[in-house]
Amino acid sequence: NELAMVKKGGVGTTYKNVDSVIIVQADSDKSGITSQKIGRILLHQPGKIAEIYIICLMGTQDEDWVNQSLSNFDERKVKFIKSEKIC
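Our subject in this report is the structure included herewith. (Residues numbered from 1 in each chain as written. Predicted model: local features only at pLDDT ≥ 70, side-chain atom pairs only at ≥ 80, totals over all residues. Heavy atoms only, no water.)

1. Points about the overall build of the protein
What counts here: Helix and strand labels come from DSSP, where a helix needs a run of H or I of at least four residues and a strand needs a run of E of at least two; each type is numbered from the N terminus. Contact definition: two residues touch when any of their heavy atoms are within 4.5 Å. Under the convention used here, a 1.4 Å probe and the Shrake-Rupley method define accessible areas, while residue burial counts only the protein chains that appear.
Within the protein one finds two helices and two strands. Mapped from its N terminus to its C terminus, the protein presents α and β elements in the order β-α-β-α. Sequence-distant contacts, at least 24 apart, represent 63% of the contacts inside the protein between residues at least 6 apart. A total accessible area of about 7400 Å² is found for the protein, and carbon and sulfur atoms account for 54% of it.

2. Quick notes on the environment of Ile49
The test is simple: Exposed residues in this analysis have more than 50% of their type's maximum accessible area, buried residues have under 20%, and partly exposed residues fall in between, with area computed by a 1.4 Å probe over protein chains only.
Topologically, Ile49 is positioned in the loop between helix 1 (33-41) and strand 2 (51-54). On the basis of relative accessible area, Ile49 is assigned to the exposed category, the value being 75%.

3. Observations regarding the nonpolar core
For soluble globular proteins, the rule of thumb is that nonpolar side chains tend to be buried together. Operational definition: We call a set of buried residues a nonpolar core when its members are Ala, Val, Leu, Ile, Met, Phe, Trp, Tyr or Cys and they connect through side-chain atoms within 4.5 Å of each other.
Membership of the largest hydrophobic core is limited to five residues, which are Ile23, Ala26, Ile38, Val66 and Leu70. When residues no more than four places from it in sequence are discounted, the contact partners of Leu70 are Ile38, Ile54, Val78 and Phe80.

The following block contains the structure:
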């Protein structure tokens, strides 16, 4: 029942007892920052499954960056949801 909004979350930052994360801006992941943010939510919490949502504008560089970041993870555990309109 808590909402936390933070800009950081890369190397050296771990948030405990977080169930869901929304990433609104991926980067090229050349330095691993986006993968680090994703990995921090995937830390083992017994009995919980983390949910990570990445907002991405299709057909832009953002899409390429998200795909690059997600290529570091098990593709069987990644689900793409396309929405024409979010309101």
